[in-house]
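Chain by chain, the residues:
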Amino acid sequence: MSRTIQIAIDGPSGAGKSTMARLLAQQLRFVYVDTGAMYRAVGLFAQRAGVEEEEIEAILPMLNEIQIDIQYVDGNQRIFLGGEDVSEAVRTEKSGRYASAVSALPAVRQFLLGLQRRLAENQNVIMDGRDIGTVILPQAQVKIFLTASPEERARRRFAELRQKGQPADYDQVYQDLLERDQRDSRRTAAPLRPAADAVTLDATAYSLEETLERMKQIIGEKTGYAV
Ligand code: DC
């Protein structure tokens, strides 16, 4: 029986994890699992339920009402909240902040852990998030911690928002990112940190193509897969 291959990509917001993971998954014909979207869906639920960001624990008694499903349409992950496709709705900056807030709650992490592990059970996956190499898939054959300077990450996030036609202010994007970095790395529940056996890749000075090449090299070395 052949074991499935698991590739874990962790790192701070805006380092390019999802862009890289999506491209690599296409080339490898692996399933791409975006775990951030799941936290964003829980965050959206909280937002819609009228929970304040500062009093995020108020979501806890409602956890059993949250129904999250993942489907793949033409190879792309779609996320459903209570049967509604919220894949686009969860991409706003506000949803990102709510996602970061709910993700600090251990009960929310526990709630999503089973779904994330199940997705990696019977298929080759490339999964991105904050704790994939440390908590969700500790046996992953490849673990990459992708990072870049906060300024560079803010610059990229800003450009992406502008391109999508969403209103954005660089200083605000930068401040939000620093706040999110702090919250994601200082929380006690599965804080953002590289797994002991992860390869850290600092992409500050790399182009998208260079980062992709370097990641392919790492994957090739660890799995024997020629990407
Ligand atoms: O990757 P993203 O920006 O879509 O993630 C949104 C938030 O969700 C992020 O600030 C931290 C949290 N998150 C997490 O705690 N663990 C994960 N595996 C993925 C995301």
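Starting from 1, residues in each chain are numbered consecutively following that chain's sequence as written. Per-residue local features are limited, in this predicted model, to residues with pLDDT of at least 70; the limit for side-chain atom pairs, both in listing and counting, is 80 or more; totals at the level of whole chains, interfaces and linings are taken over all residues. In computing side-chain properties, one takes all heavy atoms of the structure into account and sets aside hydrogens as well as water.

Trainee: With reference to specific residues and values, describe the overall build of the chain.
Mentor: In this text, helices come from DSSP runs of H or I with a minimum length of four residues, and strands from runs of E with a minimum of two, each type numbered from the N-terminal end. A tally of helices and strands in the chain yields eight helices and eight strands. Just to be clear, the radius of gyration here is over C-alpha atoms, and the globule rule we use is 2.2 Å times residues to the power 0.38. For 227 residues, the compact-globule formula gives about 17 Å, and the C-alpha radius of gyration of the chain, at 17 Å, lands near that figure. Taken over the C-alpha atoms alone, the chain extends approximately 50 × 45 × 35 Å along its principal axes. Only protein chains enter the area calculation, which uses a 1.4 Å probe; residues under 20% of their type maximum are buried, those over 50% are exposed, and those in between are partly exposed. Buried residues in the chain amount to 51% of all 227 residues. Any pair of residues with heavy atoms lying within 4.5 Å of one another is described as a contacting pair. Here the analysis covers contacts within the chain between residues at least 6 apart in sequence; of these, 75% occur between residues at least 24 apart. With residues, only the protein chains shown are counted as cover, and all accessible areas are computed by Shrake-Rupley using a 1.4 Å probe. Working note: accessible area of the chain is about 11,100 Å², and carbon and sulfur atoms make up 47% of it. In the chain, the 29 positive side-chain charges and the 32 negative ones have mean positions that sit 4 Å from each other. Positive charge is attributed to Lys and Arg, negative charge to Asp and Glu, and no charge count is given to His or to the chain ends. Taken as the charge location is NZ of Lys, CZ of Arg, CG of Asp or CD of Glu.

Trainee: Residue-level account of the packing of helix H1 (residues 17–28) against helix H8 (residues 208–223), with values.
Mentor: The angle between two axes is taken between their N-to-C directions and runs from 0 to 180 degrees, where each axis is a line fitted to C-alpha atoms and a helix contributes only its stretch in contact. Two elements in contact, H1 and H8, have axes separated by 11 Å at closest approach and are oriented at 55 degrees. As far as their axial angle goes, H8 and H1 are oblique. Seen from above, H1 lies across H8 with right-handed handedness. Across the interface between the two elements, Thr19, Met20, Leu23, Leu24, Gln27 and Leu28 of H1 pack against Leu208, Thr211, Leu212, Met215, Lys216 and Ile219 of H8. A breakdown of the residues in the contact of H1 with H8 according to their chemical character gives eight nonpolar, three polar and one charged. Oblique is the label for any angle not under 35 degrees, not over 145, and not in the 65 to 115 range, which are roughly parallel, roughly antiparallel and roughly perpendicular in turn. By definition, turning the near helix anticlockwise from the far helix through less than a right angle yields a left-handed crossing, and turning it clockwise yields a right-handed one. Residue polarity follows a fixed list, in which Ala, Val, Leu, Ile, Met, Phe, Trp, Tyr, Cys and Pro are nonpolar, Asp, Glu, Lys and Arg are charged, and the others, Gly among them, are polar.

Trainee: With reference to specific residues and values, describe the sheet that holds strand S5 (residues 84–85).
Mentor: By this definition, two strands are paired if DSSP reports at least two bridges between them. Judged by pairing direction, the sheet is antiparallel, and its three strands sit side by side in the order S3-S4-S5 without closing on themselves. The sheet is open, and its two edges are formed by strand S3 (68–73) and S5, each paired on a single side. The pairing of S3 with strand S4 (residues 76–81) spans six bridges and is antiparallel. Residue pairing across strands places Asp69 opposite Phe80, the latter belonging to S4. Sitting on the sheet, helix H2 (residues 35–48) is in contact with S3, S4 and S5, with an inclination near 25 degrees to S4.

Trainee: Got a sec to walk through the environment of Ile59? Specific residues and values, please.
Mentor: With respect to the element layout, Ile59 can be found in the loop between H2 and S3. Overall, Ile59 belongs to the buried group, its relative accessible area being 0%. Considering only alpha carbons, one finds Ile59 and Val108, 49 residues apart in sequence, at a separation of 9.1 Å.

Trainee: Mind laying out empty space enclosed by the protein, listing which residues take part and the relevant values?
Mentor: Residues are said to line a cavity or pocket when one of their atoms sits within 4 Å of a point; the points come from a 1 Å grid over protein atoms alone, cavities being sets where a 1.4 Å probe fits but cannot get out and pockets being open sets with protein on both sides within 12 Å along at least five of seven lines. Grid points are joined across faces, edges and corners, and a volume is the space filled by probe spheres set on the points. Following the criterion strictly, the structure yields one cavity of 30 Å³ or more and no others. Here the largest cavity defines a volume of roughly 40 Å³. Along its surface, the largest cavity is lined by Arg97, Ser100, Asp176, Glu179, Arg180 and Arg183. For the lining of the largest cavity, the elements supplying multiple residues, two or more each, are helix H3 (93–103) and helix H7 (170–186). For the lining of the largest cavity, a count of residues per class yields no nonpolar, one polar and five charged.

Trainee: Hey, could you go over unusual backbone geometry for me, with residue numbers and the actual values?
Mentor: In this structure, Asp74 is a non-glycine residue whose phi angle is positive, near 50 degrees. Structurally, Asp74 is set in the loop between S3 and S4. Phi is positive for Ala190, close to 45 degrees, though the residue is something other than glycine. Secondary-structure assignment places Ala190 in the loop between H7 and strand S8 (199–202).

Trainee: So what's going on with the side chain of Thr134? Residues and values would help.
Mentor: If you trace the backbone, Thr134 turns up in helix H5 (residues 132–136). Residue contacts for Thr134: discarding those within four places in its chain leaves Arg193, Pro194 and Ala195.

Trainee: Tell me about helix H6 (residues 150–163), residues and numbers included.
Mentor: The terminal C-alpha atoms of H6 lie 20 Å apart, and with 14 residues this matches the ideal 20 Å at 1.5 Å per residue to within 8%. If you check which residues of H6 are buried, you get Glu152, Arg153, Ala154, Arg157, Phe158 and Leu161. A positive phi of about 80 degrees marks Gly165, the residue just after H6. One less than the residue count of a helix, multiplied by 1.5 Å, gives the span that helix is expected to have.

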